[in-house]
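Analysis of the macromolecular model
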Amino acid sequence: MWGGGAKSGGETRCKCKCRCTTRGSSRTGESWSHVARCPAMYPAGPAWPKLRVLRALWALLAVLLAPWRLWAKEDIQECIWHVVLIKFEAVGEEGRSDRFFDLEPLESLNSVFSLLVDAPTDQNEKYLGFPYYLKINYSCGGESSEAQVRKGHLTGLKPLVLVTFQSPVNFHRWKIEQLQIQMEAAPFRSKERCNAEEVCAMSWYTPMPIKNGSVVMYVDVRSNGLGPFIQNKRFHVNINGFLQKQQDNTLQFTVGNEIFNLIPRYFINVPSRPLWHTVNQTPVLILGGIPDEKSVLLTDTSFTDFFLVELNIDSCWVGSFYCPQASFTATIYDAIATESTLFIRQNQLVYYFTGTYVTLHESNQGSGSWVRVLANECIKKLCPVHAHGNGSEYIMALTTGKREGYVHFGTITVSNYLAILYTIPEFIPDARGLEFLMLLGTESHTTFLMVPKGMFYNQYSNLLYIWGNFLLQSYNYENFIYLADFPKEQSIKYLVNSFRGDMAIVTETEEIWYLLEGSYQMYKLFPSRGWEVHINLQVMHQSSVYTPNETMVTLFYEDTKLYQLVYLMKNQQGQLVKRHVPVEQLLMYQQLSNHYFFKRQGSHLTLSFTNFCPFSVMRLRDLPNPQVYSRQERYQARPPRVVEPSGFHNENSLAVYQGLVYYLLCLHSEYHKPYADRVHDSTWSWSNKKQDQDYYFYLASNSQSPGNVYIDMASYEKIYDLKADYELPERIFLDKGTSYVFSVFLRVGGQSLEFTPERVLTSEELKSTVDLGVVLADPGCIEAVVKQKFLINRNSVLFRVTLSDKRSCFDQGLSGHHLLETSMLLKVAGAVGHCFQNTHQGPRMQGNLMVPVLIGCPPGKRLAFDITYTLQYNRLQNKHYFDCVRVDPEMPCFLFRDVFYPFFLIQDLVTGDSGSFQGSYVLKVVGGGPTLDTIREYSEEEIYRFNSPLDKTHSLIWTTKNTTTTKDSAFNIMSHQSLGIEWLCLENSPCYDAVPHTIFAPEFFFKVLVSNRGVDKSTYCDYQLIFLLHIHGLPLSAKRAFFILMVSSSVFIGLVTLYIIFCLLLPVMVKAWNSLRWKINNIIMSESYYTYTSRNCSGTSETRSTVSSRAGSSDSSKVAEANQRAPEQTWKKKPLVT
């Protein structure tokens, strides 16, 4: 963010006279009263004819010129999809929709999954769910009917939902990937009271998945082909990080207070203004320009719905000698939205507000209030940078006052002066009837001054536009072309670009012009004859989005289609609506109304039209499978089947659907690990569950499934074989030297309504009639080869187009990082504005196809350690394999004294391809430690010492017999044919003299970096892999080994000596012990004898006890005598022993 920022209302060097204005909202109970007047307005449509005769004539012409689909409209009832977002606990409730702001996963699904004992789920797994559902419905003829929805369900209609996650801007934090998940919606009965036996109201539901790093999501809904015909429709479901929940569970904007009344003066007589944002990355759009109000229009659905929010900022008037300000206004003139931050300019002050996006920041990093930046600068204009780059977004701030002409760019606080690229002529050139004029400095000029107002740059086509009361375009910033179709009496206010070849221009008088990039002819869409025809058709159909009194608020592109945000006044009631601008229809109406003639047939005249299109049919053929080039990863998830005969799901079955989709995306995110799995598929861990699929199906077929839910594991998989749908991919990624090949089929003639034989054209006639050109934005980086084949019998030409990378404009980069953006434009000569194809969705322009081309390392490619083949090859070469004592199946061990042969895989996560890495690479040990907890990162100097063959400090960890090194000879170059790695662990290396912690040999964990950067010329990909390598059996140092040897020897000798001494002294010790024991017994017996004698002398009476004592004494005396004789016997036998 810009430096020098201060909180809103902070001090500044300029004198600040604050006039703070506050507008209450209806939430506080304040009422509004106003008188709506409708004076002259800035119309989005023409002045409606007042004469009924003129209207009738235009209506008749509109009917004549209407496309074929209008005649068959009664045969095919138009139906459209409706999608709303609802909370997890609100499933089944009617008339409810929620905002997308809560991102915390649900942890309440374990109680549901615990019931699924005989199901392909893991009872030890903790299943989570997403906090939202998508509720899907449809209506036909503009009316929603419960009977229609029930009929669709009974006829087999199932909505298919495709959720596309937009890649994040910050590729340094998040992995770049093009991820989609396709789901089938599950039918669910409404919880509303119903008198019917089965169902009254129903809808379809799917989980609304959330992915880290993505805040913009596209939801495409289509039919499964059964039931009524419903056109495909795309919805924008974006996360709104500018909402917070209050204590009463109501939602409130963090940027300001919501206003519920759209006062007509906010829009009537107010000029339109541009909608500025980072293209395809912005979840929340804002639009300022409301006069004398510090309010903006805010939307998270691309103006399908919106909010009027009064911002919580001080409305200040900053004026000084160095910062002049003519007058004060509360109007927000400039408003720019980025991926997570909103920027606004009020007067000469700039503020920003960062939303709370946990999926981007992984923490609550939202702003508490608006923050003022560039407090010491006078800002007269904020300008957007529509494209992001280098993992960041940018905006420009133009200064005024004493620093006039300086620009603050992006997050940089240092001012940068703009260099002069081109000097604009003083006067507008005189084209003399030409459509365009190359400015060479020798052309003549008119007396009209050139008044430049802005610039626009398309990073894909490399086209730079300079506009004002003129329009200049350039491909190289040096040579400019003047487009003469734009009238010099008009002045351009702003441009909008689709970045797919289309551009619309809005003038100061609210005229709308259209330009197709690569051409030089401009078309006036409004006001025009074509617009009047379109208006009359809308009157016939009683359209509710067209009224005589309307004001255009803004004009913008969405998914290559042009839209207006229009304020309508009807019956003194104001309404803000978003409506499509049918560019193709307007051009077709205009062409037909300007180029018709009457042809005499017999006695009467017939109306005929001149067709300027050089072909009648254009088709794309031989398209390759798109995933290889579009890099689109797609998963499939169908809902679990319910045992109920009606097929309706309940809350538990939908909760199971939530948990399975969440688990599927978790498997996707956890699959990016350095060790390659045995099967290259993120869902391979479910394979063991599929083995029992027949048993689960048996339970379901007999209504014995636990929880009345049957989970088909084949319904949760990754799709690798998507087929082309006769269209070029949304974008094409090209690696080094790769090509994209396809064919374009063009048919000439065949448009006549008369049943006459068609004349067969010759090759020369076909060649002069149709021709295909390819315009490349960077011809030094890519090339296109077009080969034509004439199909004489069909009056057709087949063009074979090969788009190839020239191996010259990109070095090496990580997967999806720093891609070179360029484009390819296919042009059929003479087709611009003249060729249209009628479809069920209306006419579509033909003859011009623009495709962005991204050169570099495509997303979804990675390098993985092939542990399976590495173990097999090492066992084969070393004749043995010894694993660690404690076996870890996720990280097998390798013995230190064995030669280590590593192998790696190139895995394509998009197509499922996996093959051995055949290129060269550099291997470095960048970290390590004796245990997993003690692993540390090595410094650059240490990495050099531990891995370089030039090291002289005896610090090498490993070596190899390969002699190939890098250009500076600093590191060895390895390949799959290398002679292996020998572990050294020299005396100054970290693994030298490893201390064993157990009785087993020492172990060490090496953190290994493998990279092919600078040594592999076969790809643009800089494959970088970091993995842990477990080595056991490390040797001890000589000193420690000698010390351990000495200690061990000393201990051993001491034990042996002690044993010998013990054996020699054992007889003596036994004799001493026996003698000691005899003496002790003798003493004891003597004491007993003397005690007995003394008792007899005392004259004690003779009793039974006395007799016993005597007997005991007699026995004791006998023992004493025996003991006296024993030593004599021993003494007598002793000479025999000696």
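Residue numbers here run from 1 along each chain, matching the order of that chain's written sequence. Per-residue local features are limited, in this predicted model, to residues with pLDDT of at least 70; the limit for side-chain atom pairs, both in listing and counting, is 80 or more; totals at the level of whole chains, interfaces and linings are taken over all residues. Excluding hydrogens and water, the side-chain values take into account all heavy atoms of the structure.

Brief notes about the nonpolar core
To be explicit about the condition: Residues belong to one nonpolar core when they are buried, are Ala, Val, Leu, Ile, Met, Phe, Trp, Tyr or Cys, and are joined through side-chain atoms within 4.5 Å. Here the term buried applies to any residue with accessible area under 20% of the maximum for its type, exposed to any over 50%, and partly exposed to those in between, with areas from a 1.4 Å probe on protein chains only. Strands here mean DSSP runs of E at least two residues long; helices mean DSSP runs of H or I at least four residues long; both are numbered from the N terminus. Here, residues are in contact when the closest pair of their heavy atoms is within 4.5 Å.
Counting residues in each nonpolar core, the largest one holds 94 residues, and the members touching the most others are Phe100, Ile181, Met208 and Val255. In terms of residue count, helix 9 (residues 651-670) provides more of this core than any other element does, eleven residues in total. What Val255 contacts, discounting residues up to four positions off in sequence, is Phe242, Leu298, Val309, Glu310, Leu311, Asn312, Leu342, Phe353 and Trp370. In this structure, Phe1004, Cys1021, Leu1025 and Phe1027 belong to the second largest nonpolar core, which totals 41 residues.

Here's the deal with a nonpolar patch on the surface
To keep it simple, the criterion reads: Patches here: salt-bridge-free residues with over 30% relative accessible area, like charges joined within 9 Å, nonpolar side chains (Val, Leu, Ile, Met, Phe, Trp, Tyr) joined within 5 Å. Note on areas: these come from Shrake-Rupley sampling with a 1.4 Å probe, and a residue is covered only by the protein chains present in the view. For this analysis, a salt bridge means a side-chain nitrogen from Lys or Arg found within 4 Å of a carboxyl oxygen belonging to Asp or Glu.
On the surface, a nonpolar cluster with roughly 930 Å² of combined accessible area is contributed by Phe1052, Ile1053, Val1056, Tyr1059, Ile1060, Ile1061, Leu1064, Leu1065 and Met1069. With respect to the helices, strands and loops of the structure, Ile1060 is situated in helix 15 (residues 1038-1097). With a relative accessible area of 46%, Ile1060 lands in the partly exposed category.

Structural notes on the pattern of salt bridges
Pairing between side chains of opposite charge can happen when the charged atoms of each approach one another. Counting across every chain of the model gives 38 salt bridges. In this structure, Lys87 and Asp102 form a salt bridge, with 2.8 Å as the shortest nitrogen-oxygen distance. Placement of Lys87 in strand 3 (residues 79-87) and of Asp102 in the loop between strand 3 and helix 3 (110-113) is noted, with a sequence separation of 15 residues between them. Since its relative accessible area comes to 9%, Lys87 is described here as buried. Here Glu937 ties to Lys1007 by a salt bridge, and the two come within 2.1 Å at their closest N and O atoms. With Glu937 in strand 62 (residues 936-937) and Lys1007 in strand 66 (residues 1003-1011), this residue pair connects regions lying 70 residues apart in the sequence. Each of Glu93, Arg96 and Asp98 takes part in salt bridges that share partners, so that together they form one network.

Section: the side chain of Thr354
Selection criterion: Polar contact criterion, stated in full: a pair of N or O atoms within 3.5 Å, where within protein one must be able to donate a hydrogen and the other to accept it, and residues adjacent in sequence count only if both atoms are side-chain atoms.
Tracing the backbone shows Thr354 in strand 21 (residues 349-354). At a separation of 3.4 Å, a polar atom in the side chain of Thr354 contacts the side chain of Thr341.

Some remarks on the packing of aromatic side chains
Definition in use: What counts as a ring pair is set by centres within 6.5 Å for rings of Phe, Tyr and Trp (its six-membered ring), and what kind of pair is set by the plane angle: stacked under 30 degrees, edge-to-face over 60, tilted for all other angles. Working rule: Lys NZ or Arg CZ, within 6 Å of ring centre, within 35 degrees of ring normal, means a charge sits over the ring.
Under the criterion given, the structure shown has 47 aromatic pairs. Residues Tyr740 and Phe742 carry aromatic rings whose centres are separated by 5.5 Å and whose planes lie at 45 degrees to one another, so their mutual orientation is tilted. Ring geometry for Phe917 against Tyr1023: centres 6.1 Å apart, planes inclined by 75 degrees, an arrangement best described as edge-to-face. Of this pair, Phe917 sits in the loop between strand 60 (914-916) and strand 61 (921-929) while Tyr1023 sits in the loop between strand 66 and strand 67 (1024-1032); the two residues are 106 residues apart in sequence, bridging distant segments of the chain. Cluster of aromatic residues (ring-pair linked, three or more members): Tyr675, Phe865, Phe904, Phe917, Tyr921, Tyr1023 and Phe1027. Lys87 extends its terminal NZ or CZ atom over the ring of Tyr132, reaching a point 4.9 Å from the ring centre.

Overview of the sheet that holds strand 17 (residues 307-311)
Going by this rule: Think of it this way: DSSP has to see at least two bridges between two strands before they count as a pair. Fitted lines through C-alpha atoms serve as axes, helices being fitted only where they are in contact, and the angles separating the N-to-C directions of these axes extend from 0 to 180 degrees.
Judged by pairing direction, the sheet is antiparallel, and its four strands sit side by side in the order 13-17-16-15 without closing on themselves. The two strands at the open ends of the sheet, each matched to only one other strand, are strand 13 (256-259) and strand 15 (285-287). Between one strand axis and the next, the sheet turns through 35 degrees on average, direction left out of account. Where strand 16 (residues 295-299) lies against strand 17, four bridges are found, and the strand directions are antiparallel. Bridge assignment links Leu298 to a residue of strand 17, and that residue is Phe307.

Function cannot be inferred from these measures alone, as they are strictly geometric.
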